[in-house]
Amino acid sequence: MIKITFPDGSVREYNEGVTGLQIAESISSRLAQDVLSCGVNGEIYDLGRPIMQDAEVVLYKWEDEQGKHTFWHTSAHLLAEALQELYPGIQFGIGPAIENGFYYDVDPGEATIKEADLVTIEKKMAELAAKKEAVVRKDISKADALKMFDGRGETYKCELISELEDGHITTYTQGAFTDLCRGPHLLNTAPIKAIKLTSVAGAYWRGQENRKMMTRIYGITFPKKKMLDEYLVLLEEAKKRDHRKIGKEMDLFMFSDTVGKGLPMWLPKGAALRIRLQEFLRRIQARYDYQEVMCPPIGNKLLYITSGHYAKYGKDSFQPIHTPEEGEEYFLKPMNCPHHCMIYKNSPRSYKDLPLRIAEFGTVCRYEQSGELHGLTRVRSFTQDDAHIFCRPDQVKDEFLRVMDIISIVFQSMNFENFEAQISLRDKVNREKYIGSDENWEKAEQAIVEACAEKGLKAKVEYGEAAFYGPKLDFMVKDAIGRRWQLGTIQVDYNLPERFQLEYTGADNQKHRPVMIHRAPFGSMERFVAVLIEHTAGKFPLWLMPDQVAILPISEKFNDYAHEVQQYLKKYDIRAIVDERNEKIGRKIRDNEMKRIPYMLVVGEKEAENKKVSVRKQGEGDQGIMKFDEFAKKISEEVHNMINKW
């Protein structure tokens, strides 16, 4: 018998070799119908895979991310099975589940797969799913795997197999399709009821630009057609909210291939918006005793070798800059923390000096593959609202709690009311990819768990998701249409202080290592603005709007009065524009509504004579007539209350 421990702490005994499905059946028949996969000591298992030892078990349904992941992983194989039937000789790369659905990278040889072909592929997938084909897992030796896939001409699979360790290779078979795969998968294809292939794109094999360009097919599936219908409506709304589209309409930012792919340039309105965000965070940080620093945009290669970043991220950096001096190499700054370590090291530190909190809006550069670039959310140059806190071990939890307070203020101020937290810890088994001692990791992980408990924050624990230098707490924000975005992050780090030999003199007059906390409430300015655009559909809070007021003269006779109102509003730091176009007032109202300007002031003969304005509010229409000085005071007070609320 083995002991199975459930999330609520209860324990049951089962025969060795029990499966997740059998455990679900022992609880209730309804649960057995709904469960899709299970977690066994942090690893996701197929429901038919035997459990051979005492284990902590979680049963995953569609409502759980892990359940969706399993569902979509099997759907990726279903796509591949359909492609195998429709395109004889096609070769397969990888086909993972992703946050919303799945994709498969394929090499169709002489054939071409176009958007127009997706409907045919969908029909074939539905036909195969209806057969309720069993999905069978099999352990296979490396030699047999190579023989099988080489015999089918699967060169991409053979390349993957050659890098795997013998004794840890599995295949999954459904119908006539067999794939190299670690799983997990559904027991069969029956639950897949609604299918939509969403797009076709190009993707370099293994993300390397010097490798074969493959065809990537994206898709999503659901257990009910109603769910798919709702998702398609959501997809249309997401297109309307696309930050690239809205950013162009609002003149916030631009890209130019002449400047370089993935290098955003902020236009005046976007730059002003970004500066206001930075100033907002500066005011909050000042309350928490942060000191701001500025570091150069490059660093010596030795700096990143010392920090360990070169070994981990050297391939993701731009190529080194070679100076005229023999053997001297520099890199465009890929992260700010090594520079901040050197700032700490610049002066002797006492225990009385800690915590030291230093912040920087630091621009960094990382070489993302061109196929991965996406508007402001995936760029090659971005600015982090970075800060590093150097503190004593006994100060870690309190400092962690203070950072959580800052992130809470930022989210509330932007109306990000729906968010989740994730504690990212080390992989339970594979410890090779992490730097530092087990003792330090355990201290850091415990500090995060205790801080979350003290704040009453229900945080999901994910093993294997930690940064290489320490565990972290990430905040996942749900936007107005339910999409999840990773924004704020806090990371505890016992390792960089060790690598840089950072010290402080303790009360015992001995040398000690400080603990380092990394934090970024926005994450990066670029990604944060992109998420904010899509969350608000470009209708930012009034204090952030590039243009807060549009003044609309009924005819050119009232342009001078419109400018008089504009100049008066400037005294109150209200950002107003005058629409002097020779258009009818109805057209001006519609056009400025489209620009998402919060307030419109219509001015004509009566308004000019009485020093008044006719006020319209975005989405609410006519607000009546008032004196323009009253309007100025009203808006000024509204903005003041918004900003100072936090």
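Keep in mind it's a predicted model, so treat the numbers as computed, not measured.

Asks: What should I look at first to understand the environment of M516 in this one?
Replies: Mapped onto the elements, M516 comes out in strand 28 (residues 515-520). Residue class for M516 comes out buried when judged on its relative accessible area of 0%. When the C-alpha positions of M516 and P355 are compared, they lie 9.6 Å apart, and in sequence the two are 161 residues distant. Setting aside its immediate chain neighbours within four residues, M516 contacts C337, C341, H388, I389, F390, Q491, V492, D493, L496 and P497.

Asks: It is not clear to me how the sheet that holds strand 4 (residues 43-45) should be interpreted in this structure. Could you clarify?
Replies: Through backbone hydrogen bonds, the strands of a sheet pair up, either in parallel or in antiparallel fashion. With mixed pairing, 5 strands are arranged side by side in an open sheet as 2-1-5-3-4. Of all strands in the sheet, those with a lone pairing partner are strand 2 (11-14) and strand 4, marking the two edges. Each neighbouring strand pair of the sheet contributes to a mean axis angle of 35°, computed without reference to strand direction. In this structure, strand 1 (residues 2-5) lies alongside strand 2, joined through 4 bridges in antiparallel fashion. Paired with K3 across the two strands is E13, which belongs to strand 2. Along the sheet, helix 1 (residues 20-27) contacts strand 1, strand 2, strand 3 (37-40) and strand 5 (55-60); its crossing angle with strand 5, the most-contacted strand, is approximately 75°. Sheet strands touched by helix 3 (residues 65-86): strand 3, strand 4 and strand 5. Its angle to strand 3, the strand with the most contacts, is close to 120°.

Asks: Got a minute to help me understand the sheet that holds strand 19 (residues 329-332) in this structure?
Replies: Taken in spatial order, the 3 strands make up an open sheet running 17-19-18, and their pairing is antiparallel. With partners counted over all chains shown, the strands left at the sheet margins are strand 17 (298-300) and strand 18 (321-322), one partner each. Of the pairings in the sheet, the one linking strand 17 to strand 19 comprises 3 bridges and is antiparallel in character. Pairing of G299 across the sheet is with F331, part of strand 19.

Asks: Is there a simple way to explain the packing of helix 3 against helix 4 (residues 118-129) in this structure?
Replies: For any two helices packed against each other, one specifies the inter-axial angle together with the distance between the axes. Relative to each other, helix 3 and helix 4 sit at 110°, their axes nearing to 9 Å. In terms of axis orientation, helix 3 runs roughly perpendicular to helix 4. By crossing handedness, the relation of helix 3 to helix 4 is classed as right-handed. Contacts between helix 3 and helix 4 involve S75, L78, L79, E81, A82, L83, E85 and L86 on the former and, on the latter, T120, I121, K124, M125, L128 and A129. Taken together, the residues of the contact of helix 3 with helix 4 sort by class into 9 nonpolar, 2 polar and 3 charged.

Quick notes on the rules
Residues numbered from 1 in each chain as written. Predicted model: local features only at pLDDT ≥ 70, side-chain atom pairs only at ≥ 80, totals over all residues. Heavy atoms only, no water. Helix = DSSP H or I, 4+ residues; strand = E, 2+ residues; numbered from the N terminus. Buried < 20%, exposed > 50% of the residue type's maximum accessible area, 1.4 Å probe, protein only. Contact = heavy atoms within 4.5 Å. Pairing = 2+ DSSP bridges. Axes fitted to C-alpha atoms, helices over the stretch in contact; angles between N-to-C directions. Parallel < 35°, antiparallel > 145°, perpendicular 65-115°, else oblique. Left-handed = near helix turned anticlockwise from the far one by under 90°. Nonpolar A, V, L, I, M, F, W, Y, C, P; charged D, E, K, R; others polar.

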